[in-house]
Amino acid sequence: MENTNKKQASVFELDGIPKFSQALPLALQHVVAMIVGCVTPAIIIAGVADLSSTDRIIFIQTALIIAALSTFLQLFPIARNTPLQLGSGLPVIIGVSFFYLSSMQSIVSDFGIAGILGAQFIGGIIAIIVGLMVSKIRKFFPPLITGTVVFTIGLSLYPTAVNYMAGGTASPTYGSLTNWFVAFFTLTVVTVLNHFGKGFVKLSSILIGIIAGYLVSIPFGLIDLSAVSNAGLIQLPIPMYFGMTFDISAIIAMGILFSINAIQAIGDYSATTTGGLDREPTNEELKGGIIGSGISNMVGGIFGGLPTATFSQNVGIVTTTKVVNRYVLGLAAVIILLAGLLPKFSALLITIPQPVLGGATISVFASIAMTGMRLITSAEMDYRNTSIVGLSVALGMGITQASASLATLPPWVMTIFGRSPVVIATISAVFLNIVLPHPKK
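What counts as what
- Residues numbered from 1 in each chain as written.
- Predicted model: local features only at pLDDT ≥ 70, side-chain atom pairs only at ≥ 80, totals over all residues.
- Heavy atoms only, no water.
- Helix = DSSP H or I, 4+ residues; strand = E, 2+ residues; numbered from the N terminus.
- Contact = heavy atoms within 4.5 Å.
- Core = buried A, V, L, I, M, F, W, Y, C linked by side-chain atoms within 4.5 Å.
- Buried < 20%, exposed > 50% of the residue type's maximum accessible area, 1.4 Å probe, protein only.
- Phe/Tyr/Trp six-rings, centres within 6.5 Å; stacked < 30°, edge-to-face > 60°.

K.L.:
How should I be thinking about the environment of Thr178 in this particular structure?
P.N.:
Here Thr178 lies in helix α7 (residues 177-196). A C-alpha to C-alpha distance of 9.0 Å links Thr178 and Pro355, two positions 177 residues apart in sequence. In contact with Thr178, other than residues within four places in its own chain, are Phe220 and Leu222.

Encoded structure:
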């Protein structure tokens, strides 16, 4: 009995296996916090690509499976504590990222799912290069720049959420009173729980909001369960199922985002170690985490999983609860993996009505924009910095909203600069930050 107790670690320790009865509810907490955010980009991209119900199920399954495997690599790195370490070894959860969504929407319109996956594969290589050179590249992406990019991403996603709230642009009932009612009901539930809920209820506000919106949708005839009954019991991911193509304009657009997200990941790793472990991350942890992310995204591209990144909401759980045990988060990854292997679970997810998704995700997109705003305002808002932010966002949002102005230019210009404001905002912010003089003190 004495030996058994020695083997059981505390959930507040990074290493060691705690009691299962303690680990399971804490793991479920992480799953609830990330599951909706992980599958929603896949659901949106599948809709833009107009995939069949069978392919949508496979697409969502793969997103969950790749997220789980990517999390395992970060939690339990290969060659840990060596110069060849792959994975950070830190208590983080990985999922499909909204960071790439606006660019993916433009790419899938021109080049299909295969175009995204090809650009993602190259983006993974770029992330590996950034990981190898992180100490030299990091100076070009201070909080002012990453904040500008994140703020622009949030702004660029608002039309997606609003179109979903209205029922989806392809829907014959687009903009109907029923759709708006369901969307605002869902949004109201999420907002009330976010501001008045406590503990697990507050944490799972988006999930509860979606469930409530789903139930309200039933009497309006917005639910079609035929895909669930037709789905199989278990399905493994299929390599190259969606193919992979390499278009230079798509690669440039995604490559820029991969380099930025690799730098931004430093913030999540730092928040995790500072809040949960009372220390800064080591260079080996940062390097291993970013390189591991690059490899995960290359594998994801082969199997059809969309780009992944650390999930900030799970970082928040770690810093709030101080539960840093890697096996607790590993158990969460196991649950995510099992969910990804079950087609009926993925089929159930694609039955969520678009107004429900829109009502739930608009608050997420708002949160993304405000996260960017917080990063921006962490720097002094002098004339130089406000010019960088203002001009970058203005060019990014303005040119993409008036993309017809690029119609006479070569097609690749439209793909890189005319569809997603993030690319223009990023290039502008980095360039202006380099060339504009700092005010004299």
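K.L.:
Please explain the nonpolar core as it appears in this structure.
P.N.:
Generally speaking, a soluble globular protein has its nonpolar side chains buried in company with each other. In this structure, Ile45 and Phe59 are the most contacted members of the largest nonpolar core, which totals 109 residues. Sorting elements by how many residues they give to this core places helix α2 (residues 20-49) first, with 14 residues. Setting aside chain neighbours within four positions, we find Ile45 in contact with Phe59, Leu101, Met104, Gln105, Val108, Ile113, Ile116 and Leu306.

K.L.:
I'm lost on the packing of aromatic side chains in this one. Help?
P.N.:
Each aromatic ring pair is described using two quantities: the centre-to-centre distance and the angle formed by the ring planes. Tallied over the full model, the rule gives 9 aromatic pairs. Plain terms: the ring middles of Phe99 and Tyr100 are 5.4 Å apart, the flat faces sit at 80 degrees to each other, and that makes the pair edge-to-face. We classify Phe99 as buried; its relative accessible area is 7%. Look at Phe181 and Phe220: their rings are 5.9 Å apart centre to centre, the planes differ by 65 degrees, and that puts the pair in the edge-to-face class. Remark: Phe220 occurs in the loop between α9 (205-217) and α10 (226-230) and Phe181 occurs in helix α7; sequence separation between them is 39 residues. Looking at Phe181, the relative accessible area reads 43%, which means it is partly exposed. One aromatic cluster is present, formed by Phe59, Tyr241 and Phe242 through successive ring pairs.

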